[in-house]
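Here's the letter readout for the chains.
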Amino acid sequence: QRAILINGEMRIWKGETRTVHSPVCVQAADGTLSHVELGSVPVTGTVEADAALAAAVAAYDHGRGAWPNLSVAERIACVGDFTNQIVARRREIVNLIMWEIGKSLADSQKEFDRTIDYIRATVEELKRLDNSNSRFEIVDGTIAQIRRSPVGIALCMGPYNYPMNETFSTLIPALIMGNVVLFKPPRFGVLLYYPMLEAFRSAFPPGVINIVYGQGHVVVPHIMGSGQVNVLALIGSSEVADQLKKSHPKTNRLRAILGLGAKNAAIIMPDADIELTVRECITGSLSFNGQRCTAIKMILVHQSIAETFLRRFCEEVGKLAIGMPWEPGVMLTPLPEMEMVAYMNECIADAEAKGAKVINPGGGTTVETLFYPAVLFPVREGMKLYREEQFGPIIPVASFEDIETPLDYVITSDHGQQVAIFGSNPDQIASLVDTLVNQVCRVNINCQCQRGPDVFPFVGRKDSAEGTLSVHDALRAFSIRTMVAAKQTEASKKLLDAIVLGNKSNFINTHFIL
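Computed from a prediction, not measured in an experiment: that's the story for all the values here.

(A) Up close: the sheet that holds strand β14 (residues 357-358). Within the open sheet, the seven strands sit side by side as β14-β17-β18-β13-β12-β20-β21. Their pairing is mixed. Two strands close off the open sheet at either side, each with one partner strand: β14 and β21 (442-445). Here five bridges tie strand β12 (residues 264-268) to strand β13 (residues 296-302), and the two strands are oriented parallel to one another. Residue pairing across strands places Ala265 opposite Met298, the latter belonging to β13. Set on the sheet, helix α10 (residues 274-286) makes contact with β12, β13, β18 (394-400) and β20 (418-422); between it and β13 the angle comes to about 155°. Contacting β12, β20 and β21, helix α15 (residues 426-436) crosses the sheet at an angle of about 170° to β20.

The structure is reproduced here in structure tokens:
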């Protein structure tokens, strides 16, 4: 890929490029393994970042640009055009997701389809929101119309584990609410946007969407340092979010919508249904190799059933299909980055040095980026795996006797996204829920931690999030309530009637979108 979308133009990049390799390896005749080369992407710098930012600033033009002044129906039509264009290229985009990040073909297809469903649900929610605002209110002699207006220029960055779905969960609401967007693709999962560039170019006015490539630690702080970004939408680490917010010279003008790290725990009570719990914890901890912020990353099981649970858990881990992402039924696939394999080996070595053991056969075996899941027990305070988010196929397990032990674990955690409780005693479950809802933002009862359905709020406490994402909440996150008011006089009524009946304003109107 050499095309860069800036200001509605496909500019051909003639500078440095970065080769994109797949986590999938092929074996040569001599037995050596090498990663499949997929292509390359531009490595741009601050000059190109400034050009993208200038295009965004001009397109927004302090709220006077074409895009923020389009009617809601017109913006919806543009998003619909874009959606139809990328649906036509579904197979190509899905294959790029699969090859670049190693996600199974079935899950890559699911990610694409879920993203399209999310876009369409966002459109329907915006119709409901705008239709509810298509009226005047009269209170204490004041006539008012209250609508939602764009915030300005949004910088959107998604993660590599859901490079399409998580990115679009911020990018689409930002666009459809009238903001202008700078988009920095993730380091892994960047080629999948190449087939979308023409759709972005043709569906939206020039400058409304601009793609920023290059090294994130160079170009992104540079953009933030300009002070011209109004909204930072990042799904990544809290450390990166902190640095970027501090790069902005006027943080009080910056709105942050952040999906950050998590160390979600599963708390297994003595009366838990073992078979159900094992199934949910397997899926919760190892879907897409555990590379999900919503994954179960710590299991705390009551001592009375720990042996039974661990035996059944390890038996089911041993049945999981491991292989190439296009193979039917595969669950464990190669990881996108070698650095993660090295980190997981480091975590295992640390835990073993401090008394834990890998208890499943073959756990922790690696070949290049293929990492076989490791179940470690007993994991305790002082080990890396007890507190750090491993973001990979390692499952740390600890046992407890007193319920205060897992509660204290959640309370003292730096993260506060979700927790899963497994048990059947209603009094005990109710008591746990009443405590945990004040520590995390989603308590799952007898089921794994997860994000969906997308209409539900997705948020976290502590270092896990800032702002709320869902189909409903995202539209509000990327907009602000704005009001036009006038005194309740005959002159005001005549003036407002003239504006509404003459279709003279996209803000002051009573249009109803079907």
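The structure having been displayed, the exposition proceeds.
(B) The arrangement of the nonpolar core in detail. Phe82, Met164, Phe168, Met196, Phe200 and Phe204 are the most contacted members of the largest nonpolar core, which has 127 residues in total. Excluding residues that lie within four positions of it along the chain, Met196 makes contacts with Phe82, Ile86, Ile93, Met164 and Phe168. Formed by 27 residues, the second largest nonpolar core is a distinct cluster that contains Val278, Ile296, Ile299 and Phe309.

(C) Representation of the layout of surface pockets within the structure. Estimated volume of the second largest pocket: approximately 550 Å³. Contributing to the lining of the second largest pocket are 23 residues, with Lys110, Arg114, Tyr162, Ser287 and Arg292 lying nearest its centre. Considering each element in turn, the lining of the second largest pocket owes the most residues, four residues, to helix α5 (residues 105-132).

(D) Structural view of the environment of Asn165. Checked against the element boundaries, Asn165 lands in helix α6 (residues 165-176). Along the backbone, Asn165 and Tyr118 are 47 residues apart, and their C-alpha atoms lie at a distance of 8.3 Å. Within the structure, Asn165 has its side chain in polar contact with the side chain of Thr115 (distance 3.3 Å).

(E) Molecular detail of the pattern of salt bridges. Using the criterion set out here, one finds 26 salt bridges in the structure. Here Glu490 and Lys493 are joined by a salt bridge, their closest N and O atoms 3.9 Å apart. One end of the pair, Glu490, and the other, Lys493, are both in helix α17 (residues 490-501), three residues apart, so they sit about a helical turn from each other. With a relative accessible area of 34%, Lys493 lands in the partly exposed category. Linked by salt bridges that have partners in common, Glu275, Arg311, Arg312, Glu315, Glu316 and Lys319 make up one network.

(F) The pairing of strand β4 (residues 33-42), seen in detail. Of the strand pairs in this sheet, strand β3 (residues 17-27) and β4 are connected by eight bridges, and their pairing is antiparallel. Bridge pairing in β4 places Arg18 opposite Val41. Count of turn residues in the β3/β4 antiparallel hairpin: five residues, of which Gly31 carries a positive phi of about 95°.

(G) Structural detail: the packing of helix α4 (residues 90-101) against α5. Packing of α4 against α5 leaves a shortest axis separation of 9 Å and a crossing angle of 125°. Relative to α5, α4 is oriented oblique. For the crossing formed where α4 meets α5, the hand is right-handed. Listed contacts from α5 to Arg90, Ile93, Val94, Asn95, Ile97 and Met98 of α4 are Leu105, Ser108, Gln109, Glu111, Phe112 and Asp113. Its residues assigned to classes, the contact of α4 with α5 shows six nonpolar, three polar and three charged.

(H) Quick peek at helix α8 (residues 216-225). Buried within α8 we find Val219, Val220, Ile223 and Met224. The buried residues of α8 all sit within an arc of 130° when viewed along its axis, so they share a single face. Close packing links the buried residues of α8 with α1 (46-60), β7 (153-157), β8 (180-184), β10 (231-235) and α9 (238-247).

(I) Up close: the sheet that holds strand β6 (residues 142-150). Here three strands make up an open sheet; going across it, the order is β5-β6-β24 and the pairing antiparallel. Bordering the open sheet on either side are β5 (137-139) and β24 (479-487), each of which pairs with just one other strand. Pairwise comparison of adjacent strand axes, ignoring direction, gives a mean angle of 35° for this sheet. Inspection of the sheet shows β6 paired to β24 by nine bridges, in the antiparallel sense. Bridged to Gln145 within β24 is Val484.

Reading guide: rules and limits
Residues numbered from 1 in each chain as written. Predicted model: local features only at pLDDT ≥ 70, side-chain atom pairs only at ≥ 80, totals over all residues. Heavy atoms only, no water. Pairing = 2+ DSSP bridges. Helix = DSSP H or I, 4+ residues; strand = E, 2+ residues; numbered from the N terminus. Contact = heavy atoms within 4.5 Å. Axes fitted to C-alpha atoms, helices over the stretch in contact; angles between N-to-C directions. Core = buried A, V, L, I, M, F, W, Y, C linked by side-chain atoms within 4.5 Å. Buried < 20%, exposed > 50% of the residue type's maximum accessible area, 1.4 Å probe, protein only. 1 Å grid on protein atoms, 1.4 Å probe; cavity = no way out; pocket = protein on both sides within 12 Å on 5 of 7 lines; lining within 4 Å. Points joined across faces, edges and corners; volume = space filled by probe spheres on them. Polar contact = N/O pair within 3.5 Å; in protein donor to acceptor, adjacent residues only side chain to side chain. Salt bridge = Lys/Arg side-chain N within 4 Å of Asp/Glu carboxyl O. Parallel < 35°, antiparallel > 145°, perpendicular 65-115°, else oblique. Left-handed = near helix turned anticlockwise from the far one by under 90°. Nonpolar A, V, L, I, M, F, W, Y, C, P; charged D, E, K, R; others polar. Arc of directions from axis to C-beta.

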